[in-house]
Amino acid sequence: MSFSTFCRAFTFSATVVSASLVADSAIVHADSPWPQWRGENQNGLASGDAYPTVWSENNRVQWKFEVTGSGGSTPVLADDKAFFTVGTKTPEANGENFLIAVSTETGKEAWRVSTGQDVGAKHRKGSGSNPSAVTDGQNVYAYFRSGDLVCATMGGEVRWTVNLQKQYGEDTLWWDLGSSPLLTENAVVVAVMQTGPSYLVALNKETGEELWKTDRMLGAPEEAAQSYSTPIAVSVGGADAIAVMGADYLTLHAMSDGHELGRLGGFNPTGEKFFRSIASPVAQGDIIVCPYARGATVTAVRMSELAAGKGKDAIAWFRDDLGSDVPTPAAVEGRVYLAGDKGLISALDLETGKTLWKLELPKSRVAVTSSPLVAGNHLYITRENAITYVIGPLDQEQPEIVATNELADAEPFTVASLVPLEHGFLLRSKSLLYRISE
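Note on numbering: residues in each chain are counted from 1, in written sequence order. Reporting of local features is limited, given that this is a predicted model, to residues whose pLDDT is at least 70; pairs of side-chain atoms are given and counted only at 80 or more, and all residues count toward the totals for whole chains, interfaces and linings. Heavy atoms from the whole structure form the basis of all side-chain values; hydrogens and water molecules are not counted.

1. Here we look at the side chain of asparagine 385
For asparagine 385, the position within the fold is in the loop between strand E29 (378-382) and strand E30 (388-392). Each residue is assigned to one of three classes by its accessible area relative to the maximum for its type, calculated with a 1.4 Å probe on protein chains only: buried under 20%, partly exposed between the two thresholds, exposed over 50%. According to the relative accessible area criterion, asparagine 385 is buried, its value standing at 15%. Aside from chain neighbours lying at most four places away, what touches asparagine 385 is Val366, Asp409, Ala410 and Thr414. Secondary structure counts use DSSP, requiring at least four H or I residues in a row for a helix and at least two E residues in a row for a strand, with both numbered from the N terminus. Residue contacts are defined here by distance: any two heavy atoms, one from each residue, within 4.5 Å place the two residues in contact.

2. A few points about the packing of aromatic side chains
Working definition: a ring pair exists when centres of Phe, Tyr or Trp rings (six-membered ring for Trp) sit within 6.5 Å. Plane angles under 30 degrees give stacked, over 60 give edge-to-face, the rest tilted. Considering all chains together, one arrives at 11 aromatic pairs under this definition. Relative to tyrosine 380, the ring of tryptophan 55 lies with its centre 6.3 Å away and its plane at 10°, an arrangement referred to as stacked. Of this pair, tryptophan 55 sits in the loop between strand E2 (21-22) and strand E3 (61-66) while tyrosine 380 sits in strand E29; the two residues are 325 residues apart in sequence, bridging distant segments of the chain. By relative accessible area, tryptophan 55 is classed as buried at 2%. Following the ring pairs from residue to residue traces out a cluster consisting of Tyr51, Trp55, Tyr380 and Phe425. Our definition puts a charge over a ring when NZ of Lys or CZ of Arg is within 6 Å of the ring centre and also within 35 degrees of the ring normal. Across the ring face of tryptophan 37, the terminal group of arginine 38 is positioned such that the distance to the ring centre comes to 5.7 Å. Against the face of tyrosine 249 rests arginine 263, its NZ or CZ located 5.7 Å from the ring centre.

3. A closer look at the layout of surface pockets
Think of a ball as big as a water molecule: rolled over the atoms, this probe shows where empty space is left. Counted as a void, the largest pocket has a volume near 670 Å³. As defined here, a cavity is a set of points on a 1 Å grid over the protein atoms alone where a 1.4 Å probe fits but cannot get out. A pocket is an open set with protein on both sides within 12 Å along at least five of seven lines, and residues line them when an atom is within 4 Å of a point. Taken together, 31 residues line the largest pocket, and the ones lying closest to its centre are Asn130, Tyr228, Ile278, Val326 and Thr369. Here the lining of the largest pocket is built from residues that sort into 9 nonpolar, 16 polar and 6 charged. Grid points are joined across faces, edges and corners, and a volume is the space filled by probe spheres set on the points. Gly falls in the polar group here, along with every residue not listed as nonpolar (Ala, Val, Leu, Ile, Met, Phe, Trp, Tyr, Cys, Pro) or charged (Asp, Glu, Lys, Arg).

Next up, the structure:
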């Protein structure tokens, strides 16, 4: 597909907004390096530069916590605890969903709370507890395939529970839920993108009461209307906003009331029925990068121009020779790092989309589902068998694989992403949560 053909397929509507749109949002998070999936700025960047590059089951593993139940949620951190979710559904019967807190110092369970019935596990890699929790250091919020959105204190006391499906309509996703909630200064925001009623909703962090809800019915065909991506926080002229990718559109919404600031369509120009989207967008500065088309395309959009009414002319660059179906890219210091599901790692210039370097992971039938992490001068990427490849140094013209780190729990499927923690990492495999220390 040529760039001109792709551009002609785009449709657009927007409210003209004077001022620029940047990706650094004035959202208040916990004093934590990882309060939400993809980190504080949702860009896959760890703070600091002293991280281990080599580990194994018997080297640098500080502790292991056995995870009973299934789930792909990436842990989040606050109050010296790691928070994640599990479900206990079996082939014979529905089970329960749980929100669990584990001490990051000892690896011991601090608490767990039941959060309703587990109704997931439609896909062999999935579960009803795939979305990652989010925390502001005062409370932790978790969202489940059952529709339950739960707020709990740092001590494990449930403050409130709201079931979005009971309030706004039944779930119609073909597969298990993947969209994680987004936390703002006063709300927890959830995007529901499916074949059927689709919307963006903000609930009061303290009470669970609805603050605003906006429709997101965009006419995408069949499964293409379904998205498993997570909204990201951006800012329009100093006012907080939300960017959402899915159902063949990128949309921008005011964080104050959810009203739409702009939209860009055309990500599915031929109307493919099965273009469900999984990877989330990533933003840095004024550019938001959107993987789409089951890993076949990547589109970069200048958000200020989109909000100013420029439509397809807001597209900064487009690639249809690489992409990412499941892993969400990382964006750091003018570069975008893409991880293809089969192991092609690419570094692109953020402004131009030009390939800076490419690298193939060793050939394997094991896919890459987790998202890449930039920590120090290296890129970390984990396959579904819990093998983590370390690529670097990133300041070289052509980085290389400098380490291949295996762990004992190689059973499919490791789908959670690596989390930085005090010069080390948390790695959630199929059945274990590992703390890897310096």
